[in-house]
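Okay, here's what each chain looks like letter by letter:
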Amino acid sequence: MKEQALFDRKRLHEKAAEALNSRGDKLLKVVSRSAFPKRESDTFPSRRESVKTITDGDIIGEPKLAYSDITGRIRTRYFVQDRQEIGLSESGYEDLRRLAEKILSTQPFNSGFSGEFVEELIFDWWADRTRGSTEETLVDRLCTTAESEVDRHHVIIPISAIEIQEPFQLGHVLIAPMDRKLIAGMYDGIAEKHPEQRAQIEQARQKHLRDLAHLTAVHVSVVGEPDYADTKAMKTAFDIASMFRFMCPAALTWNIGFPCYPHGCGGVRSNTILRIKDDKVSSLSQGIIDKGMHSWKLSTEELTNQMEGGFRNLAIFFEDKELTAFQTRVKNALGAYSEGVASFNPNNRLVYAMSALEHLFLRSEQEPIQNGVGERLAFILAKEPDRRREILANFKRAYALRSKQVHHLATVDDEETLSQFFLNAWLGVHRAIQVSRNYRTRSEFLDAIDEVKFGG
């Protein structure tokens, strides 16, 4: 059957199962109990307009009850019984978290499962055992749940600010225009079940068509439980968006932003201004703060030229194979540079671009940055001595701007230096992408440059 083919509990070693059950039994002895508190707000009431009040009738199944800190990290999980909160808090929940980490490092749970999924699963089992509603072992609960939840998921993540002409494959990832019919069809079944709400349903359909139908879709196939599949697909979409940001024309500039991210994760800043006259609003205006490139239409011809120019090597990041140390470094450098491309702030862009170059071309923290990075960048980009000197001199000027900005909060305003620097920096990262299959480590890559540099 489908579940047995995708998750095989026989891969769990007997001794590993015994160890997990033993740690689960120890967790059962850790219980915190406290009276159900009466909570009162210690701040003033919010003036936010209330759209709808959630009642018990809106909750399906047992609610997930937890306390988290200001960062959103869960510190306590509990259930309510006899006006008491019964759960695992602080050190007890840390024991649960360590058990989850152990499970995630044990076959067959070491692939296809998210940490949040396993933590919730352990607590649900712990709560059922604490209530006395089951005698099931932790491993039995893990395997039974995995067999029902693990599946092959086809996940689509839309990304904004880019339209492509035709679908193309990059490694195991399909990148394609959004399917308009797929979006429109989402509401067909709902409309049939609720004909009395047809007007609202049609309104929602049209909104999704306006928001999504023109975007680019990242298609990812993932085997695992649903949360893991969604998380992995979203990570892949972020990587694809990062790739597009580096490929786009804005990446070679210092002042044109390209906010390409998974839909809803990025955007162009805007402002809202209310003018008052005679104690009344005389006008309300909204406008874009960030000027520059907001979208990119990528034709098939342009994409083909980009791929033939070295970007085809980006497929190595989407093949589900272990990357070499150098390929990992190239991916991180590309990501850093691309993060700057999304920003309209030249100060931020300069910091990101410098970080990308240091990550690629600096051998160690002890090596002088200006000569170590600048000279290698010059030798990898040019053969003529005069051109190499120009690249090195430009890098030093740009590094001085970066230092003034970081240490003294100075404004980056040397347009000539910045224009040439970002072109050189982009070419340097692009060159590393082109040769990413040729070297296993950064040292091998830098040795090859230094051999040219010193005439070896």
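Further up the page is the structure itself.
Residues numbered from 1 in each chain as written. Predicted model: local features only at pLDDT ≥ 70, side-chain atom pairs only at ≥ 80, totals over all residues. Heavy atoms only, no water.

Colleague: Can you tell me about the environment of Ile391, naming the residues and giving the values?
Modeller: By secondary structure assignment, the location of Ile391 is in helix H14 (residues 385–408). Note on Ile391: relative accessible area 1%, which makes it buried. It is 9.0 Å that separates the C-alpha atoms of Ile391 and Phe379, two residues lying 12 residues apart in sequence. Among residues more than four places away in sequence, those in contact with Ile391 are Leu377, Ala378, Leu381, Ala382 and Asn424. (Helix = DSSP H or I, 4+ residues; strand = E, 2+ residues; numbered from the N terminus. Buried < 20%, exposed > 50% of the residue type's maximum accessible area, 1.4 Å probe, protein only. Contact = heavy atoms within 4.5 Å.)

Colleague: So what's going on with helix H16 (residues 442–453)? Which residues, and what values?
Modeller: An α-helical turn contains 3.6 residues, so any two residues separated by three or four positions project in the same direction. For H16, built from 12 residues, the straight-helix expectation of 16 Å at 1.5 Å per residue is met to within 8% by its first-to-last C-alpha distance of 16 Å. On the buried face of H16, the contacting elements are helix H11 (325–341), helix H12 (346–361), helix H13 (369–381) and helix H15 (415–434). Immediately downstream of H16, the backbone of Gly455 shows phi near 75°, a positive value. (Expected span 1.5 Å × (residues − 1).)

Colleague: I'd love a proper account of the side chain of Ser114, names of residues and values included.
Modeller: Of note, Ser114 is situated in the loop between helix H3 (91–104) and helix H4 (115–131). Among the residues examined, Ser114 registers a relative accessible area of 12% and is labelled buried.

Colleague: Can you tell me about the sheet that holds strand S9 (residues 216–224), naming the residues and giving the values?
Modeller: The 4 strands are arranged S5-S9-S8-S7 in an open sheet whose pairing can be described as antiparallel. With partners counted over all chains shown, the strands left at the sheet margins are strand S5 (151–159) and strand S7 (168–170), one partner each. Along the sheet, successive strands turn relative to each other by an average axial angle of 25°, direction set aside. Two elements, S7 and strand S8 (residues 173–177), share 3 bridges in a ladder whose sense is antiparallel. Considered in S8, the bridge of Gln169 is made with Leu174. (Pairing = 2+ DSSP bridges. Axes fitted to C-alpha atoms, helices over the stretch in contact; angles between N-to-C directions.)

Colleague: Residue-level account of the packing of H12 against H16, with values.
Modeller: Running from amino to carboxyl end, H12 crosses H16 at an angle of 90°, the nearest separation of the two axes being 9 Å. Taken together, the axes of H12 and H16 lie roughly perpendicular to each other. Together, His359, Leu360 and Phe361 of H12 and Arg442, Phe445, Leu446 and Ile449 of H16 make up the contact between the two elements. Looking at the contact of H12 with H16 residue by residue, the class counts come to 5 nonpolar, 1 polar and 1 charged. (Parallel < 35°, antiparallel > 145°, perpendicular 65-115°, else oblique. Nonpolar A, V, L, I, M, F, W, Y, C, P; charged D, E, K, R; others polar.)

Colleague: Before we move on, could you go through a nonpolar patch on the surface and cite the residues and values that matter?
Modeller: There is a patch of nonpolar side chains on the surface, built from Leu274, Ile276, Val281 and Leu284 and spanning about 390 Å² of accessible area. Listed by contribution, the elements that provide at least two residues to the nonpolar patch are strand S10 (270–277) and strand S11 (280–288). As for its position among the elements, Leu274 is in strand S10. With relative accessibility at 47%, the residue Leu274 sits in the partly exposed group. (Patch = residues over 30% accessible without salt bridge, like charges linked within 9 Å, V, L, I, M, F, W, Y side chains within 5 Å. Areas by Shrake-Rupley, 256 points an atom, 1.4 Å probe, with all protein chains shown as cover. Salt bridge = Lys/Arg side-chain N within 4 Å of Asp/Glu carboxyl O.)

Colleague: Go over the pattern of salt bridges with me, naming the residues and quoting the values.
Modeller: As enumerated under the stated definition, the model contains 27 salt bridges in all. The residue Asp95 makes a salt bridge to Arg98 at a minimum N-O spacing of 2.5 Å. Separated by 3 residues within a single helix, Asp95 and Arg98 lie in helix H3, roughly one turn from each other. Two residues, Asp320 and Lys232, come together in a salt bridge whose shortest N-O distance is 3.8 Å. In this pair, Asp320 is assigned in the loop between helix H10 (300–308) and H11 and Lys232 in helix H9 (residues 226–247), connecting sequence segments 88 residues apart. Taken together, the shared-partner salt bridges connect Asp69, Arg75, Glu94, Arg97 and Glu119 into one network.

Colleague: Tell me about the sheet that holds strand S2 (residues 65–68), and name the residues and values.
Modeller: Strand order in the open sheet formed by 4 strands is S1-S4-S3-S2, with antiparallel pairing between adjacent strands. In this open sheet, the two strands that pair with only one neighbour each are strand S1 (32–35) and S2. In this sheet, neighbouring strand axes are inclined to one another by 30° on average, regardless of whether the strands run parallel or antiparallel. Along the sheet, H3 contacts strand S3 (74–81) and strand S4 (84–89); its crossing angle with S4, the most-contacted strand, is approximately 50°.

Colleague: Would you mind going over the packing of aromatic side chains in detail, with residue names and values included?
Modeller: According to the stated counting rule, one finds 21 aromatic pairs in the structure shown. Geometrically, the ring pair formed by Phe246 and Phe311 is edge-to-face, given 6.1 Å between the ring centres and 75° between the ring planes. Highlighted residues: Phe246 in helix H9 and Phe311 in the loop between H10 and H11, separated in sequence by 65 residues. A centroid spacing of 6.0 Å and a plane angle of 85° characterise the contact between Phe326 and Tyr439, whose relative ring orientation is edge-to-face. Here the residue Phe326 occupies a position in helix H11, and Tyr439 occupies one in the loop between H15 and H16, the gap between them amounting to 113 residues. Residue classification places Tyr439 among the partly exposed residues on the basis of a relative accessible area of 22%. Within the aromatic cluster, the residues linked to one another by ring pairs are Phe7, Phe109, Phe113 and Phe117. Over the ring of Phe79 we find Arg131, and its NZ or CZ is 4.2 Å from the ring centre. (Phe/Tyr/Trp six-rings, centres within 6.5 Å; stacked < 30°, edge-to-face > 60°. Lys NZ or Arg CZ within 6 Å of the ring centre and 35° of its normal.)

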